[in-house]
Amino acid sequence: MFYLLGIFLAIVSTITDLIGKQLVRYSALLEQRGAFARARSSLIAGIVVSAVAGPLLDLGAYAVAPASLLAPFASMDVIWNAGLAPWLLNEKLTRPRCMAIVLVFIGTLIAGICGPRDDRLYTYESAEELVVSMRTPIYLAVLFGGIAFSTMVLSRRPTGDPMRGIALGLLAGSLSGNMFCVKLLMELVQISYRDSWESVWTKWLLYPLLLGAVFFAVSNLVFLTKGLREYQALFMVTVFEGAGMVTNAISASVILLECDNMEWWRVFLYAFGLCTICFGMLVLCKNEFKALEEENLQDDISFSPREGEDAKDLGLGAGLEEGNLEEQSVTENSPESKFSLSL
């Protein structure tokens with residue numbers, strides 16, 4: 001029954017993570033309004049909450065529950081964000097975004113119910129065997145190859161491009177989703193407490209896992225912070241959590257072999273839940289591309305009834321220019337102007 005405690009801690013972790021993300025996004029909005037001091041404070045608070053509170057809760061969760069079971073619950077962040085972003089950040093919850101969030105929620109329920117529940121009893125030798133297996137370097141090579149490709153996409157896309165936003169979300173999510181380091185690290189700490197200090201701390205495996213856990217926890221914040229400052233939270237959080245959940249589930253299945261002892265039908269439903277979450281992300285991304293095309297189409301229109309109203313918001317120069325145009329129009333239509341033209 002310890003897995004229930006792990007699920008509880010994982011859900012609380014999603015709430016604290018959401019608070020951090022909302023603060024980071026709010027800092028960008030404050031900066032746009034010119035409140036730079038408040039924006040800086042909000043940004044620092046958001047990064048601290050995301051870098052400290054969330055990882056500490058994750059450590060407790062992964063110490064008592066399998067990584068594959070906890071992976072889908074990370075996407076609960078999307079649900080909390082859908083309820084708070086329209087209220088706190090004044091973001092629009094469109095129908096496609098609602099559909100994507102519902103799909104992510106349904107996939108989370110299916111994967112959470114059908115995922116592995118029994119946490120195996122690790123020894124130092126069994127943990128070392130998992131890490132030195134050929135599966136681990138192959139997985140890491142594929143992971144960092146995808147990260148390199150996403151980085152290339154980032155370097156070629158301008159700010160505001162949906163593909164750039166997707167790349168930022170995938171980068172941050174795929175980095176944060178590698179919780180196998182945290183899982184094995186906590187298992188080794190428990191082994192040292194259960195057996196002896198020398199059985200773990202005098203050997204090599206603990207230290208690469210510690211470095212890996214710190215690297216994945218910190219590096220994802222760089223891309224996540226950048227993404228939240230450039231894109232709306234309803235978009236970025238959905239891509240980030242979906243990518244993180246899928247990466248976590250794959251790493252736990254490939255490296256930790258947590259799905260090996262499950263019945264075939266549970267494995268099938270677990271995979272179906274993951275695919276449902278991915279489909280929700282696809283719906284969201286397609287909607288963002290469509291919204292960008294509609295925005296570009298509107299920008300291409302040479303004249304619209306609101307052009308005069310929009311010009312008033314551009315500053316003193318635009319207002320003067322608009323006034324000069326109106327004065328010129330009145331002058332041209334006056335009788336004196338017509339008389340001078342006839343001459």
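Residues numbered from 1 in each chain as written. Predicted model: local features only at pLDDT ≥ 70, side-chain atom pairs only at ≥ 80, totals over all residues. Heavy atoms only, no water.

K.L.:
Mind showing me how you'd approach the overall build of the protein here?
P.N.:
Within the protein one finds 16 helices and zero strands. Expressed as a percentage of the 343 residues in the protein, the buried residues total 45%. In the protein, the share of contacts with a sequence separation of at least 24, taken over all contacts with a separation of at least 6, comes to 82%. Accessible area for the protein stands at about 18,300 Å²; split by element, carbon and sulfur atoms hold 67% of it. (Helix = DSSP H or I, 4+ residues; strand = E, 2+ residues; numbered from the N terminus. Buried < 20%, exposed > 50% of the residue type's maximum accessible area, 1.4 Å probe, protein only. Contact = heavy atoms within 4.5 Å. Areas by Shrake-Rupley, 256 points an atom, 1.4 Å probe, with all protein chains shown as cover.)

K.L.:
Quick question: what am I supposed to make of empty space enclosed by the protein here?
P.N.:
Left-over empty space is what a probe sized like a water molecule reveals as it rolls over the atoms. For the structure on display, the rule yields one cavity of 30 Å³ or more. Looking at the largest cavity, its volume works out to about 30 Å³. Lining the largest cavity are Gly20, Lys21, Val24, Ser50, Leu221, Leu224, Thr225 and Leu228. Among the secondary structure elements, those contributing two or more residues to the lining of the largest cavity are helix H1 (2–32) and helix H11 (206–230). Here the element with the most residues in the lining of the largest cavity is H11; it accounts for four residues. Here the residues of the lining of the largest cavity are counted per class, giving four nonpolar, three polar and one charged. Each of domain 1 (1–65) and domain 2 (67–298) contributes no fewer than three residues to the lining of the largest cavity. (1 Å grid on protein atoms, 1.4 Å probe; cavity = no way out; pocket = protein on both sides within 12 Å on 5 of 7 lines; lining within 4 Å. Points joined across faces, edges and corners; volume = space filled by probe spheres on them. Nonpolar A, V, L, I, M, F, W, Y, C, P; charged D, E, K, R; others polar. Domains from an automatic or database assignment.)

K.L.:
Looking at this structure, I do not really get the layout of surface pockets. What am I missing?
P.N.:
Each pocket or cavity is described by its volume, and for the largest pocket that value is around 670 Å³. Lining the largest pocket are 36 residues; nearest its centre among them are Asp17, Pro55, Asp58, Ser176 and Met179. Elements with a minimum of two residues in the lining of the largest pocket: H1, helix H2 (36–64), helix H9 (180–194), H11 and helix H12 (233–254). The dominant element in the lining of the largest pocket, judged by the number of residues it contributes, is H11, at ten residues.

K.L.:
How should the packing of aromatic side chains be read in this particular structure?
P.N.:
For any pair of aromatic rings, geometry is given as the distance between the ring centres together with the angle between the planes. By the definition in use, this model includes five aromatic pairs. Ring centres of Phe144 and Phe215 lie 6.5 Å apart, and the angle between their planes is 40°; on these two criteria the pair is classed as tilted. Here Phe215 lies in helix H11 and Phe144 lies in helix H7 (residues 135–156), a separation of 71 residues in the sequence. Aromatic rings pair up to connect Tyr139, Phe144, Phe180, Phe215 and Phe216 into one cluster. (Phe/Tyr/Trp six-rings, centres within 6.5 Å; stacked < 30°, edge-to-face > 60°.)

K.L.:
Explain the pattern of salt bridges here, please?
P.N.:
Proximity of charged atoms lets side chains of opposite charge pair with each other. Scanning the entire structure with this criterion turns up seven salt bridges. Measuring nitrogen to oxygen at the nearest pair gives 2.9 Å for the salt bridge that ties Arg164 to Glu230. With Arg164 in helix H8 (residues 162–176) and Glu230 in helix H11, the pair connects residues that are 66 residues apart, well separated along the chain. Classification of Arg164 by relative accessible area gives buried; the value is 9%. Residue classification places Glu230 among the partly exposed positions, given a relative accessible area of 21%. A salt bridge links Glu187 to Lys183, with the nearest nitrogen and oxygen atoms 3.0 Å apart. With a gap of four residues between them, Glu187 and Lys183 both fall in helix H9, about one helical turn apart. The same class applies to Glu187 as to Lys183, namely buried. (Salt bridge = Lys/Arg side-chain N within 4 Å of Asp/Glu carboxyl O.)

K.L.:
Can you help me understand the confidence of the model for the protein in this one?
P.N.:
Low pLDDT marks stretches whose predicted atomic positions should not be read closely. Chain-level pLDDT for the protein is 79 on average; 83% of the residues reach the 70-or-more range. The spread of mean pLDDT over the elements of the protein runs between helix H14 (residues 307–312), the lowest at 39, and helix H6 (residues 124–132), the highest at 92. Predicted confidence for residues 302–332 stays below pLDDT 50, and this span has nine contacts to residues more than four positions away or in other chains. In this model residues 334–343 is a low-confidence stretch, pLDDT under 50, and it forms four contacts with partners more than four residues away in sequence or in other chains. (pLDDT = per-residue confidence, 0-100.)

K.L.:
Even after reading the chapter, I still don't get H8, so can you show me in this structure?
P.N.:
Side chains three or four residues apart in an α-helix point the same way, a direct result of the helix having 3.6 residues per turn. Across its 15 residues, H8 extends 21 Å between first and last C-alpha, which sits within 8% of the 21 Å expected from 1.5 Å per residue. Burial of H8 is extensive: 13 of the 15 residues sit out of reach of the surface. For H8, the side-chain oxygen to backbone nitrogen distance between the N-cap and Met163 is 2.8 Å, and the N-cap itself is Asp161. (Expected span 1.5 Å × (residues − 1). Polar contact = N/O pair within 3.5 Å; in protein donor to acceptor, adjacent residues only side chain to side chain.)

K.L.:
Would you mind showing me how to read the packing of H9 against H11 here?
P.N.:
Packing of H9 against H11 brings their axes to within 8 Å, and their N-to-C directions diverge by 140°. With respect to each other, H9 and H11 are oriented oblique. Considering the relative orientation of H9 and H11, their crossing is left-handed. Seen from H9, the contacting residues are Cys181, Val182, Leu184, Leu185 and Leu188; seen from H11, they are Leu206, Leu209, Leu210, Gly212, Ala213 and Phe216. (Axes fitted to C-alpha atoms, helices over the stretch in contact; angles between N-to-C directions. Parallel < 35°, antiparallel > 145°, perpendicular 65-115°, else oblique. Left-handed = near helix turned anticlockwise from the far one by under 90°.)

K.L.:
Teacher, can you tell me more about the environment of Gly46 here?
P.N.:
Mapped onto the elements, Gly46 comes out in helix H2. For Gly46, a relative accessible area of 0% gives the class buried. When the C-alpha positions of Gly46 and Leu18 are compared, they lie 9.2 Å apart, and in sequence the two are 28 residues distant. Each residue touching Gly46, except ones within four places of it in the same chain, is listed here: Gly20, Leu23 and Val24.

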